[in-house]
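For reference, the chains in residue letters:
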Amino acid sequence: MIYLIPFLLSFFIGYLIITLLRKETSFNDPLSVFLGMGLGIGVSSQIIFYVLVLCNGLNVFVVISVHFILLFFLFALRMFRRKRTIIPQASLNKITIVRFCILFSPFILLLIFNAFSRPYGDWDAWSLWNFRANFLFRAQEHWRELFYYGLQGNHPWLLPFSIVWGWSFIGYEHFMIPIMFSIILTISTVGILIYGLNQYIDSKKSILAGFFLLSIPFFIQYSTSQYADIVVTYYLLASIICLLRTMRTTLRSEAFLTGIFLGLLGFSKDHGILLAFLLLMLFLIYLINNRLFFRLGSFLFLGILVAMPSVVFVKILMSSNKHDLVYKFNLFNILILNRWSFILKYVLKDLLFNFYWGGIWTIFVVALLAYRKYFLREFIIPFVCMIIFLGLILLGYVISQFDVNWCLSTTWDRILFQVSPLAVFIMFHLFHAFDSAISIRKSE
Amino acid sequence: MLKTYKLRIHKIFYYRSPYVFIWVITVILFCNFILTFRMVIRNFMDREDIAESYPGIVFLPLKKYLKEFSIVGYYTNTISSNPWTDVNAMWAYQQAQYALSPVLLDFNNLNHQFIVFNVTSAKVLLEKIQEIQAIPILDLKNGIALVKRKNQ
């Protein structure tokens, strides 16, 4: 139970921030709970970052104090505002959360069993992410040396910082913290998928979407591998749900929240930076086209600024890493047709015939073809972002200097894992749009 | 006539809506659940003991000798055109790095006072130690050792 407490503290911070931001509107409580979880973890990772920089090393006392001060401050602010607010605040809908827990308990048990099968996670988990966390936890004032001499892997550090927060709170390193982190973030991803979809479609279908996502073998496998991919998966979906809400409500507070999640997405991994950049560009085009830029643009950028210093700091420090090898490209590889055909064969085979993907990609393509006419305008941004992202990743494989088979076998499924909840989100929305259109036609 | 029999996915979904999609998803969900259940049970049955699965456990005895250092050398004789994508070379190196953290291991750099050796045999280890004029501090057998250079 003690291993849950740091994440509970983070959750309360995140949830309070969301309730404070969304005071102007009625909101779906369970969605705020699951968004609050991720936001809180993001805030905790930012606190760890600032403590490391300002105290020149990890100071556990300062880290815990800042968390409690922030929690107290937010709680006081909420109490203070509650007395003056005219719009009544919605209370936590316990039944829905309880129903969620009961319905998904078999899947949560599978997640727990799978996580405990590999207590130190898969290869990249202990060699990159957990290693960074244990280095930061032990190194004290030498923590910057990891940036110069550490292992390759030029990714931002939200995951290690979050693990360091857990260890700082309990006072020692324990494998339960990364396990808890991955389980909590997986459940939150499913939570935001269901309650995010529930804003557009009825609850039965959105619960079916959650079941479908959690039944995919690769989703269970990668979400408990303790890789940073689950972090990207969560923040990508959270950013998109907030972005869609911003488009629908045109509220400044929603734009600010979208900005925060986009910033945290950028702090999760390099793929997160690319996804955040693509989403931001597409959203800016939308804002300019709809003459909303001056109303929402500044709040969006203000939100992004919350996590931006940490991303820039880590990337600048890591640029001098002597073992950096991630970005070694050869543009002439574009001319090698064998490379293209090998990549396309591998990708198509994986998408269509890999049983561990549980048919998600086949259904996704069929749903796109069948229901393409019913695509809602606002869903074009996440869909285009996903397609451009996958296209750029494939281009990256083509121009990479490394053995293409090695690149594909080690990363391609993880890339698909990052966008799999988004695919389910789009798929179910399409089906619902089609179903609604048919119902209207029948009633006429 | 040919046009009439042409496969049209959206038509199939149109006439059977909304049940086709729901049924397809439900059947696939059921199959996936069985597949996932099997995978999880198999993973759980094959799990290792928590203490034994600690990454780099064989390197842990070296840790007490390296307390005062932030960076030491690491040497392996695994020959590879690109060691960073070589599974064998990286597996051992990263395990050592994890276990000896916060001491950083400078890959295949012998210009440090202390060097962690992880070579294929004791013979190779001895030859390399003589070549760089070093003395062994701790020999863990199987080519794993901590050595100290004399002239540093």
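Numbers given to residues run from 1 along each chain, matching the order in which its sequence is written. For this description, chains carry letters from A and ligands carry numbers from 1, given in the order in which they are written. The predicted nature of this model means local features are confined to residues of pLDDT at least 70 and side-chain atom pairs, given and counted, to a pLDDT of 80 or more, with totals for whole chains, interfaces and linings taken over all residues.

Engineer: So what exactly am I meant to see when it comes to the overall build of chain B here?
Structural biologist: Within chain B, the secondary structure is distributed over five helices and five strands. The helix count covers DSSP runs of H or I at least four residues long, the strand count covers runs of E at least two residues long, and both are numbered beginning at the N terminus. Traced from its N-terminal end to its C-terminal end, chain B shows the element sequence α-α-α-β-α-β-β-α-β-β. Three classes are used. A residue is buried when 20 or more other C-beta atoms lie within 10 Å of its own, exposed when 12 or fewer do, and partly exposed in between, with C-beta atoms placed from the backbone. Classification of the 152 residues of chain B by burial places 30% in the buried group. A separation of at least 24 residues holds for 59% of the contacts in chain B among residues at least 6 apart in sequence. Each residue is represented by a C-beta atom placed from its backbone, and any two residues with such atoms within 7 Å are regarded as in contact.

Engineer: Help me understand the interface of chain B and chain A in this model?
Structural biologist: The interface of chain B with chain A comprises 35 residues on the first partner and 43 residues on the second. Contributing elements (two or more residues each) for the side of chain B that touches chain A: α2 (9–16), α3 (19–45), α4 (87–100) and β2 (104–107) of chain B. In terms of residues, the side of chain B that touches chain A owes the most to one element, α3 of chain B, which gives 14 residues. Classifying every residue of the side of chain B that touches chain A by side-chain character gives 22 nonpolar, 11 polar and two charged. Following the grouping adopted for this structure description, the nonpolar residues are Ala, Val, Leu, Ile, Met, Phe, Trp, Tyr, Cys and Pro, the charged ones are Asp, Glu, Lys and Arg, and the polar ones are all others, Gly among them.

Engineer: It is not clear to me how the environment of Leu-138 of chain B should be interpreted in this structure. Could you clarify?
Structural biologist: Residues and elements named next belong to chain B. Mapped onto the elements of the fold, Leu-138 is located in strand β4 (residues 134–139). According to the C-beta neighbour criterion, Leu-138 is partly exposed, with 14 such atoms within 10 Å. For the pair Leu-138 and Phe-44, spaced 94 residues apart in sequence, the C-alpha to C-alpha distance is 37 Å. When neighbours within four sequence positions are excluded, Leu-138 is seen to be in contact with Pro-61, Leu-62, Tyr-65, Ala-145 and Leu-146.

Engineer: Teacher, can you tell me more about the nonpolar core here?
Structural biologist: Put simply, a nonpolar core is a cluster of buried Ala, Val, Leu, Ile, Met, Phe, Trp, Tyr and Cys residues tied together by C-beta atoms within 7 Å. Counting 166 residues, the largest nonpolar core has Val-164, Leu-193, Leu-237 and Val-424 of chain A as the members making the most contacts within it. Annotation comment: domain bounds sourced from an automatic or database domain assignment. Residues from two domains meet in this core; each of domain 1 (2–45) and domain 2 (57–149) of chain B gives at least three. With sequence-adjacent residues up to four places away left out, Val-424 of chain A is seen in contact with Leu-193, Ala-209, Phe-212, Leu-213 and Ile-360 of chain A.

Engineer: Teacher, can you tell me more about the packing of helix α11 (residues 229–249) of chain A against helix α13 (residues 270–289) of chain A here?
Structural biologist: Each pair of packed helices can be described by the angle between their axes along with the distance between the axes. All names here are of chain A. Between N-to-C directions, angles cover 0 to 180 degrees, with each direction set by a line fitted to C-alpha atoms, over the stretch in contact for helices. Close contact between α11 and α13 brings their axes to 10 Å; oriented N to C, the two are set at 10°. On the basis of their axis angle, the class for α11 and α13 is roughly parallel. Taking contact as the criterion, the partners of Val-232, Tyr-235, Leu-236, Ser-239, Leu-243 and Met-247 in α11 are, on α13, His-271, Gly-272, Leu-275, Leu-279, Phe-283 and Tyr-286. Class assignment of the residues belonging to the contact of α11 with α13 gives a composition of nine nonpolar, three polar and no charged. Note on terminology: angles under 35 degrees are roughly parallel, angles over 145 are roughly antiparallel, angles of 65 to 115 are roughly perpendicular, and the others are oblique.

Engineer: Whenever I open this one, helix α18 (residues 404–443) of chain A confuses me. Can you help?
Structural biologist: Every α-helix winds through 3.6 residues per turn, so residues three or four apart in the chain are directed the same way. Taking 1.5 Å as the rise per residue, α18 of chain A with 40 residues should run 58 Å; its terminal C-alpha atoms sit 54 Å apart, in good agreement. The quantity called bend is, for any residue, the angle between two axes fitted respectively to the seven residues ending at it and the seven beginning at it. Within α18 of chain A, the axis deviates most sharply at Val-419 of chain A, by approximately 45°, and proline Pro-421 of chain A lies no more than four positions further along. The span expected for a helix works out to 1.5 Å for each residue beyond the first.

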